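Okay, here's what each chain looks like letter by letter:
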Amino acid sequence: MSKLGVAVIGVGFWGKNHVRVFSELAETELLAVCDANEERAKSIGEKYGVEAYSDSKELLKRKDIEAVSICTWTTTHAVEAMRALKAGKHTFVEKPLASTIKEARRIVDFARQRRKLLAVGFIERFNPSVQRAKKLLSKGEIGELVSATAKRVSQWPERIGDVGVVKDYAIHEIDIMRKIFEDDPIAVYAKVGSLKHVKYEDYAQIMLTFRHGKTAFIEANWLTPYKIRKLSLTGSDAIMELDYLTQEIIVETSKRTTKPRYEWREPLKLELQHFARKMLKNEEPEVTGVDGLKALIIAEAAIESSKSDHSIRLNFDKLS
Ligand SMILES: NC(=O)c1ccc[n+]([C@@H]2O[C@H](COP(=O)([O-])OP(=O)(O)OC[C@H]3O[C@@H](n4cnc5c(N)ncnc54)[C@H](O)[C@@H]3O)[C@@H](O)[C@H]2O)c1
């Protein structure tokens, strides 16, 4: 099997995991790493026996690198993604695709123009519990899906200083709601606020309305002293609860509780393996640039709704 030559740009808290996974996958050959922090780049490069760069422009000159993953600060995603696409690399950008809608649009348009594949890191799509929940839903295990509630909370990871909890945390659930309902929301109403973070919101309650009266509710914050990542689905016949962390699923009717057991699998490994396989076949990945853009449009509308105290109508007709 031919391997995809890859490099990781930004090897901090999360990018280090990309490096490890790319070094483990049969589908990829890790060729280089880059971090603006020279020491960090060097130590990761040494650990994995690959070249280390402190400037992505130098790394991108290499012809053997076919794809890159961008795990830098969110506010630098746009510059780094445009650079990678311009250098002719297929590009995986960690979530959120960019820090603003405007930047995200530019990346999506540029990838199309350059005919390069663009993927966005909505990792929960690859969480086995989400994939099982989707299968159970399509088999009618809970009847007709009516509403969904997600909770993604923990203490503020202080390294995140360039976007608020809506674009950093809630955006995962925004994408999952689009996936679960297989539709785009038609309106958003939200309340967000800040208690500890000086610059951005650190708590948010977001309600999404879908067609046919279906609704989703997302609670995200950086205030809860421990980590909770849960999704609960209400159907006409039963409810389903899943825990993103343990990957457990429970289905309950009025008479029966079922808790199927499955082996835990690392979502990042599944996500990057999918990315590599798609790039090797030159096919669109599961999570496209448009998915990243739509999630940002919904996230910004949520923040705007909170400011204006009104629900915001959403229309994605012009985006495909
Ligand atoms: N999908 C997920 O579950 C998940 C989880 C964590 C973080 N993330 C995303 O990953 C990104 C990074 O988050 P983090 O927690 O690792 O942050 P971090 O601060 O730990 O790491 C970011 C690294 O990028 C480097 N950097 C910044 N700008 C750069 C540039 N222009 N060129 C090269 N290096 C640069 C920094 O020096 C730092 O080492 C964020 O966008 C975040 O939203 C995604």
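About the thresholds
- Residues numbered from 1 in each chain as written.
- Predicted model: local features only at pLDDT ≥ 70, side-chain atom pairs only at ≥ 80, totals over all residues.
- Helix = DSSP H or I, 4+ residues; strand = E, 2+ residues; numbered from the N terminus.
- Rg over C-alpha atoms; globule rule 2.2 N^0.38 Å.
- Buried ≥ 20, exposed ≤ 12 C-beta atoms within 10 Å, placed from the backbone.
- Contact = placed C-beta atoms within 7 Å.
- Near = placed C-beta within 6 Å.
- Nonpolar A, V, L, I, M, F, W, Y, C, P; charged D, E, K, R; others polar.
- Axes fitted to C-alpha atoms, helices over the stretch in contact; angles between N-to-C directions.
- Parallel < 35°, antiparallel > 145°, perpendicular 65-115°, else oblique.
- Expected span 1.5 Å × (residues − 1).
- Arc of directions from axis to C-beta.
- Domains from an automatic or database assignment.
- Left-handed = near helix turned anticlockwise from the far one by under 90°.
- Pairing = 2+ DSSP bridges.
- Right-handed = clockwise from strand over helix to strand, strands pointing away.

Check the secondary structure of the protein chain and you find nine helices and 15 strands. Computed over C-alpha atoms, the radius of gyration of the protein chain comes to 20 Å, within 12% of the 20 Å expected from 2.2 N^0.38 for 320 residues, which places it in the range of a compact globule. Along the first, second and third principal axes, the C-alpha set of the protein chain runs to 60 × 45 × 40 Å. Of all 320 residues assigned to the protein chain, the portion counted as buried reaches 44%. Residue pairs in contact within the protein chain that sit at least 24 positions apart in sequence constitute 68% of those at least 6 positions apart.

Right, let's talk about the site of the ligand for a bit. With respect to spatial proximity, 25 residues lie near the ligand, and among them Gly10, Gly12, Phe13, Trp14 and Thr72 are the closest. Classifying every residue of the shell around the ligand gives nine nonpolar, nine polar and seven charged.

Interhelical geometry of helix H4 (residues 77-86) versus helix H5 (residues 101-114) gives an angle of 5° and a closest axis separation of 10 Å. Comparing their axes, H5 and H4 come out roughly parallel. Residues Ala78, Ala81, Met82, Leu85 and Lys86 of H4 form the contact with H5, whose participating residues are Glu103, Arg106, Ile107, Phe110, Ala111 and Arg114.

Turning our attention to H5. Here H5 spans 20 Å end to end across 14 residues, near enough to the 20 Å set by a 1.5 Å rise per residue. For H5, the set of buried residues is Glu103, Ala104, Ile107, Val108 and Ala111. One side of H5 holds all its buried residues, which, seen down the axis, span an arc of 135°. Exposed residues pointing more than 90 degrees away from the buried face of H5 are listed as Lys102, Asp109 and Gln113. Residues of H5 that are buried in the fold lie against H4, strand S6 (118-121) and helix H9 (289-308). Positive backbone phi, approximately 55°, marks Arg115, located one or two places after H5.

On to the domain arrangement of the protein chain. The domain boundaries assigned to the protein chain delineate domain 1 (4-124 + 269-286) and domain 2 (125-262 + 298-313). Centre-to-centre, using C-alpha coordinates, domain 1 lies 27 Å away from domain 2. At the interface, 15 residues of domain 1 touch 14 residues of domain 2. Tallied by class, the residues present in the side of domain 1 that touches domain 2 amount to seven nonpolar, four polar and four charged.

It is the contact of helix H1 (residues 15-24) with helix H8 (residues 267-281), at a shortest axis distance of 10 Å, that shows an interaxial angle of 65°. Where H1 crosses over H8, the two elements pack in a sense that is right-handed. When H1 is examined against H8, the residues Asn17, His18, Val21 and Phe22 are found in contact with a partner set consisting of Leu268, Lys269 and Leu272.

Here the focus is the sheet that holds strand S8 (residues 187-193). If you walk across this open sheet you meet the nine strands as S14-S13-S12-S11-S7-S10-S9-S8-S15, and the pairing is mixed. The outermost strands of the open sheet, each flanked by one partner alone, are strand S14 (257-258) and strand S15 (312-313). Across seven bridges, the pairing between strand S9 (residues 203-209) and strand S10 (residues 215-221) is antiparallel. Bridging from a neighbouring strand, Gln205 pairs with Glu219 of S10. In this fold helix H7 (residues 165-181) packs onto strand S7 (145-153), S8, S9, S10 and strand S11 (228-235), with an angle of close to 155° to the strand it touches most, S10.

Cis geometry is found at the peptide bond from Lys95 to Pro96, where omega equals -15°. Structurally, the position occupied by Pro96 is in the loop between strand S5 (90-94) and H5. Even without glycine at this site, Glu182 takes up a positive phi of about 50°. Assignment of secondary structure puts Glu182 in the loop between H7 and S8. At Asp309, a position not held by glycine, the phi torsion is positive, near 60°.

Taken together, the six strands give an open sheet; going across it, the order is S3-S2-S1-S4-S5-S6, and neighbouring strands pair in parallel fashion. Whereas interior strands pair on both sides, the edge strands pair on one side only; in this sheet they are strand S3 (51-53) and S6. Averaged over neighbouring strand pairs, the angle between their axes works out to 25° when direction is ignored. Bridge count for strand S4 (residues 67-70) against S5 is four bridges, and the pairing is parallel. The partner of Ile70 across the bridge, within S5, is Val93.

Here the focus is the pairing of strand S1 (residues 4-9). Residues in a regular strand project their side chains so that they alternate between the two faces of the sheet. The buried count for S1 comes to five of six residues, which makes it a mostly enclosed element. For the handedness criterion, the β-α-β arrangement of S1, H1 and strand S2 (residues 28-34) is classed as right-handed. Pairing of S1 with S4, which is carried by four bridges, proceeds in the parallel orientation. Each residue of the ladder has a partner; that of Val8, found in S4, is Ser69.

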